[in-house]
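Observations on chain architecture
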Amino acid sequence: MTQALSLLPPQLMTTPPLLTMTGVSRRYGDVVALQDVSALVYPGEVLGIVGESGSGKSTLLRMMNLEDTPDTGDYRLALPDLGGNLFGLDRFARRMLCATRIGIVYQNPHQGLLMQHTSSGNVAERLLIAGERSFANLRARGRTALEASEFPLDRMDARPIELSGGMQQRVQLAKAIALEPALLLLDEPTTGLDVSVQALVLDTLKRLQRDRAISMVIVSHDLGVIRTMADRVMVMRRGRVVEQGLSDQIFQDPQHEYTQQLVHAKL
Amino acid sequence: MSIAQLTKAWQPMSYGFLDASAKRELRRKMLKAIAVPGCQMPYASREVPMARGWGTGGLQVTLTLLKPSSVVKVIDQGADDSVNAASIRSFLSKVSGAAETWDTLDASLIQSRHRIPEERLHAGQILVLQVPNPEPLRPVEPNMSIARQMHADADYGRLWLILYEQIVRSGRIMEGAAYPSLVNGRHVMTPSPIPRWDVPKLHMAQHLTFLSAGREKRLYAVPPFTKVEPLVFSDVPFKVEDHGALTCHRSGVNGFYMNEIPQGDGGSAFELSDSHLGIKAIRQAEGEADQIGATWYQNGHLA
Amino acid sequence: MTPVLQVQNLCKHFEMHHLGQRLMAFDGISFALNAGEFLLLRGPNGVGKSTLLRTLYRSYLPRAGHIWYHTTEGRIDLARAADVDISLLRRREIGFVTQFLIARPRVAAEDIVAEPLRRAGVAAADALREARRWLEEFGVKRDLWRAYPTTFSGGEQQKVNLARALILPQRLLLLDEPTASLDVGARAALVRRLGDLKAQGVAMIGVFHHPGDVADLIDRDIELTTSEVCEDVAL
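Parameters at a glance
Residues numbered from 1 in each chain as written. Chains lettered and ligands numbered in written order. Predicted model: local features only at pLDDT ≥ 70, side-chain atom pairs only at ≥ 80, totals over all residues. Helix = DSSP H or I, 4+ residues; strand = E, 2+ residues; numbered from the N terminus. Rg over C-alpha atoms; globule rule 2.2 N^0.38 Å. Buried ≥ 20, exposed ≤ 12 C-beta atoms within 10 Å, placed from the backbone. Contact = placed C-beta atoms within 7 Å. Domains from an automatic or database assignment. Nonpolar A, V, L, I, M, F, W, Y, C, P; charged D, E, K, R; others polar. Expected span 1.5 Å × (residues − 1). Arc of directions from axis to C-beta. Core = buried A, V, L, I, M, F, W, Y, C linked by C-beta atoms within 7 Å. Axes fitted to C-alpha atoms, helices over the stretch in contact; angles between N-to-C directions. Parallel < 35°, antiparallel > 145°, perpendicular 65-115°, else oblique. Left-handed = near helix turned anticlockwise from the far one by under 90°. Pairing = 2+ DSSP bridges.

The next thing to look at is the overall build of chain C. Counting its regular elements, chain C contains six helices and 10 strands. What you see for chain C is a C-alpha radius of gyration of 18 Å, in line with the 18 Å of a compact globule of 235 residues. In terms of overall dimensions, chain C has C-alpha extents of about 55 × 40 × 35 Å along its principal axes. Looking at chain C as a whole, 43% of its 235 residues qualify as buried. In chain C, the proportion of contacts linking residues at least 24 apart, taken out of those at least 6 apart, comes to 72%.

Put into structure tokens, the structure is as follows:
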């Protein structure tokens, strides 16, 4: 079987990648969660990570958010005043980095939101951690973030616990983008939502991505979501990356046996 | 060697009631508290002849600091003559031989429940405040271990969030007493339930302040010349109670924190909370040579 | 003559793992294309014309050969270029026009058409004006401009698709049956637009069901013949 041609390193893209992860491995006892995984995300692009349960995709995303450290591996973000392997950061630096320079949207809104506080408060908390001390600014910047997430402003002081699933995801999104991070991580952001709501949320994400040139990493088992959102796709299986490439190429001309199975299995 | 040479005569109790090892532990924790202003230090809170919730924390700190040359003043809501204040004061002098006083200017140690005297304290004086609940993060995080971690991480976002939501809901910050304050730019403390009027007195003060909670077994300190900044938004300023224009109906003094006394006709009369200040004012008016010291507030405003 | 594309010995087949089969698409294709040239791909249905276009666009990965694309900074082999480089070229220089519009559920037709301009940094108001102009040119009814194309007929969707694909002049345009489901007016508008772009120097490679529509634009053509369709291989 002849291999597809191996690709060269970038020649035209002169901007270095925003996110570089190399050789990340993680075991939990006997279970191999990640095995020698590497990933690159360039500024302004959307990387989709697709895989079934147990593929390690969510674990990888958690690593990107510094919620977990691997057994081995290197993680760098090309951001001002930041250098070295981020897995080696101390607790305080890690917290500040996560809170102020990376945004994350979880599948379960309960994980990402303070359900009993107001929606605007959830966004304000992020700003407060970053040092915003003007009440007027907290309101204004909160409104901006909620508006960009296409959340109805007349409900900005409603508590997430009172809102629908789609609205809760929008609050998470507003919270994630409030500090205008360069990197946004999304873990199954629309899974569990009604189909019509899914479409709307994805649409908001696409618009946001175009307007703010924010880099995104989207993890999903739903190929439709990945196809809609991603520029490049990484296919994971049992902790390993089995294939990666341009989004349309992965879906139209999958090379690896597993990817072919995955793509053809779509109803 | 005789027994008499090797031992001391029996005494009914140690000097200052607490035994030497208790005081030693307290002293170490108090020094630690000074070293990290505003940070709560846990200590082994001892039994004293008073029930928990009545000032045992403050009492243990005062007992540790007592010397024969100490002059102690004890107030409860500003009054030296309240039953509890009087009991504590007499106990203190009984176990140490220290002198008692009602005059802020003469005291070297001042133990207080919920008020700071109006006359400025100076470098030779130590203020000990009784604290019911030392944890400012309790409304945010009831779990003590997590709260400790939050202090260590300077993770006060959720505390700020509560203040933000108070303004959203009511248009202003609702904290009346025990206004959470940032000490030395690092730790947030609750300054015990003193009124907002008193919080600015802790900021860059000449004196040392201890805050101690006996039931909760934590103590913390504000060393002299340390920043104490109430948590405020830059555009929603910190406001003290509106007492600047009130007059004490007994002493005629105005411009200080007042107790409100409801009258039979439905109205209110006001009385100086710092009762000995009122007494001195009355004595002065009657021609006695009583000295009133410099005060933090002048003409109803912070000087 | 400014060279744009030089294809050398391009080969493509598909490995169907679950069938244990190899599906041959084309083999040993070579040609050159200059700025402003229109190359037509001819051949029977299923012979691989569409596959060739997709391989040039890198939706399919070639097996062997070179696709030399000339940029202002030198040439780059699209067959082996990094994914990010391909993304970059697709954003700026290389366009692909299919007969299928991947419509996003709640985006208005005029926003879809304006998007390539917005991505290129054009201000929202200007992009919208230009988008509306092209919707009109292609004959999309005015009251549909703010409607969602997912609800349109095939023909209307195709018009939106074309307006969007052709709004920003590229250096290389790959056209895969763009006239399918178009009415006469829209077809004429397409040919006019292609003619304009050609005059501006855009190089084009197209597959047309009715080559007669674009007869005046064609400079050269390539005939693809059927080769080995299927081969059982031990994979």
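Looking only at helices and strands, one finds seven helices and 14 strands in chain B. A globule of 303 residues ought to have a C-alpha radius of gyration of about 19 Å, and chain B, at 20 Å, matches this closely. Each principal axis of the C-alpha distribution contributes one length, and for chain B these read about 75 × 55 × 35 Å. Counting all 303 residues of chain B, 41% fall into the buried class. Look at the contacts in chain B between residues 6 or more apart in sequence, and 62% of them connect residues 24 or more apart.

Of all two pairs of chains that touch, the greatest number of contacts is found between chains A and C. Between chain B and chain C there is no contact, and the shortest C-alpha to C-alpha separation is 34 Å.

Residue and element names in this part refer to chain B. Once the domains are mapped, chain B shows domain 1 (20-135 + 181-230) and domain 2 (258-302). When each unit is reduced to the centre of its C-alpha atoms, the spacing between domain 1 and domain 2 is 23 Å. With 16 residues of domain 1 in contact, the opposing surface of domain 2 contributes 13 residues. Residues belonging to the side of domain 1 that touches domain 2 are distributed by class as follows: five nonpolar, three polar and eight charged.

Next up on the list: the interface of chain A and chain C. Interface extent is often summarised as the accessible area lost during association of the parts. Across the contact, 30 residues belong to chain A and 29 residues belong to chain C. Listing elements by their share of the side of chain A that touches chain C, those giving two or more residues are helix H7 (195-212), strand E9 (240-246), helix H9 (247-252) and helix H10 (257-264) of chain A. Of all the elements, H7 of chain A adds the most residues to the side of chain A that touches chain C, at five residues. For the side of chain A that touches chain C, a count of residues per class yields 13 nonpolar, eight polar and nine charged.

Take helix H5 (residues 135-148) of chain A next. Note: α-helices contain 3.6 residues per turn, so residues at a spacing of three or four share the same orientation. For H5 of chain A, spanning 14 residues, the distance from its first C-alpha to its last is 20 Å, which sits close to the expected 20 Å at 1.5 Å a residue. Within the span of H5 of chain A, buried status applies to Leu138, Arg141, Gly142, Ala145 and Leu146 of chain A. Buried residues of H5 of chain A, viewed axially, fall in a sector of 135°; they line one side. Facing away from the buried side of H5 of chain A by over 90 degrees, the exposed positions are Ala136 and Ala140 of chain A. In this structure, the buried residues of H5 of chain A make contact with helix H4 (119-129) and helix H6 (165-177) of chain A together with helix H6 (157-170) of chain B. At the exit of H5 of chain A stands Glu150 of chain A, carrying a positive phi of roughly 55°.

Moving on to the nonpolar core. Of all hydrophobic cores here, the largest spans 190 residues; its most connected members are Val217 and Ile218 of chain A together with Val113 of chain C. In this structure, Val113 of chain C is in contact with Ala131, Trp134, Leu135, Val160, Ala163, Arg164 and Ile167 of chain C, ignoring residues within four places of it in sequence. With nine residues, the next largest nonpolar core counts Leu246, Val253, Phe256 and Met258 of chain B among its residues.

All names here are of chain A. At a minimum axis distance of 10 Å, the contact between H6 and H7 shows a crossing angle of 15°. Here H7 runs roughly parallel to H6, going by the angle between their axes. Between H6 and H7 lies a crossing of right-handed hand. In this structure, H6 uses Gly165, Gly166, Gln169, Arg170 and Ile177 to contact H7, whose residues at the interface are Val197, Leu200, Val201, Thr204 and Leu208.

Chain B puts 13 residues into the contact, and the matching count from chain A is 15 residues. For the side of chain B that touches chain A, the per-class residue count stands at seven nonpolar, two polar and four charged.

Attention now moves to the environment of Leu52 of chain C. All names here are of chain C. Along the chain, Leu52 turns up in helix H1 (residues 49-57). Judged by C-beta crowding, with 26 C-beta atoms within 10 Å, Leu52 ranks as buried. Excluding its chain neighbours within four sequence positions, the residues that come into contact with Leu52 are Phe26, Ile29, Leu41 and Leu224.

Before going further, it helps to examine the sheet that holds strand E7 (residues 187-189) of chain B. All names here are of chain B. Strands sit in the order E7-E6-E10 across an open sheet of three strands; the sheet is antiparallel. Whereas interior strands pair on both sides, the edge strands pair on one side only; in this sheet they are E7 and strand E10 (228-230). Strand after strand, the sheet turns through a mean of 35° between neighbouring axes, direction not considered.

Residues and elements named next belong to chain C. In space, the five strands of this open sheet follow the order E6-E7-E8-E3-E9, with parallel pairing throughout. The outermost strands of the open sheet, each flanked by one partner alone, are strand E6 (94-97) and strand E9 (220-223). Looking at each pair of strands side by side, their axes are set apart by 15° on average, direction ignored.

Glancing now at helix H3 (residues 109-119) of chain C. Residues and elements named next belong to chain C. With eight of 11 residues buried, H3 lies mostly within the body of the structure. Buried within H3 we find Ala109, Glu110, Asp111, Ile112, Val113, Ala114, Pro116 and Leu117. For H3, the elements touching its buried residues are helix H4 (124-137) and helix H5 (154-166). Just downstream of H3 lies Gly121, where phi reads positive at about 95°.

A separate point is unusual backbone geometry. Although it is not a glycine, Phe225 of chain B sits at a positive phi angle of roughly 55°. By secondary structure assignment, the location of Phe225 of chain B is in the loop between strand E9 (218-222) and E10. Positive phi outside glycine occurs at Glu177 of chain C, with the angle close to 50°. Along the chain, Glu177 of chain C falls in the loop between strand E7 (172-176) and helix H6 (184-199).

All right, on to the pairing of strand E8 (residues 208-213) of chain B then. All names here are of chain B. Burial of E8 is extensive: six of the six residues sit out of reach of the surface. Where burial is concerned, the two faces of E8 agree: the one with Leu208, Phe210 and Ser212 and the one with Thr209, Leu211 and Ala213 are both buried. Sheet analysis places strand E5 (residues 126-130) next to E8, joined by five bridges and oriented parallel. Each bridged residue has a counterpart across the sheet, and for Gln130 the counterpart in E8 is Ser212. Sheet topology places E8 next to E9; five bridges connect them, and they run antiparallel. Paired with Ala213 across the two strands is Arg218, which belongs to E9. Hairpin connection from E8 to E9: four residues lie between these consecutive antiparallel strands, with Lys217 at a positive phi of about 60°.

Residue and element names in this part refer to chain B. Counting buried residues in E9 gives five out of five residues, a clear majority hidden from the surface. Here E9 shows no split at all, with Arg218, Tyr220 and Val222 on one side and Leu219 and Ala221 on the other all buried. Two strands pair when backbone bridges link them, and strand E1 (residues 41-42) and E9 are joined in this way by two bridges, in the antiparallel orientation. Looking at the pairing, Met41 lines up with Leu219 of E9.

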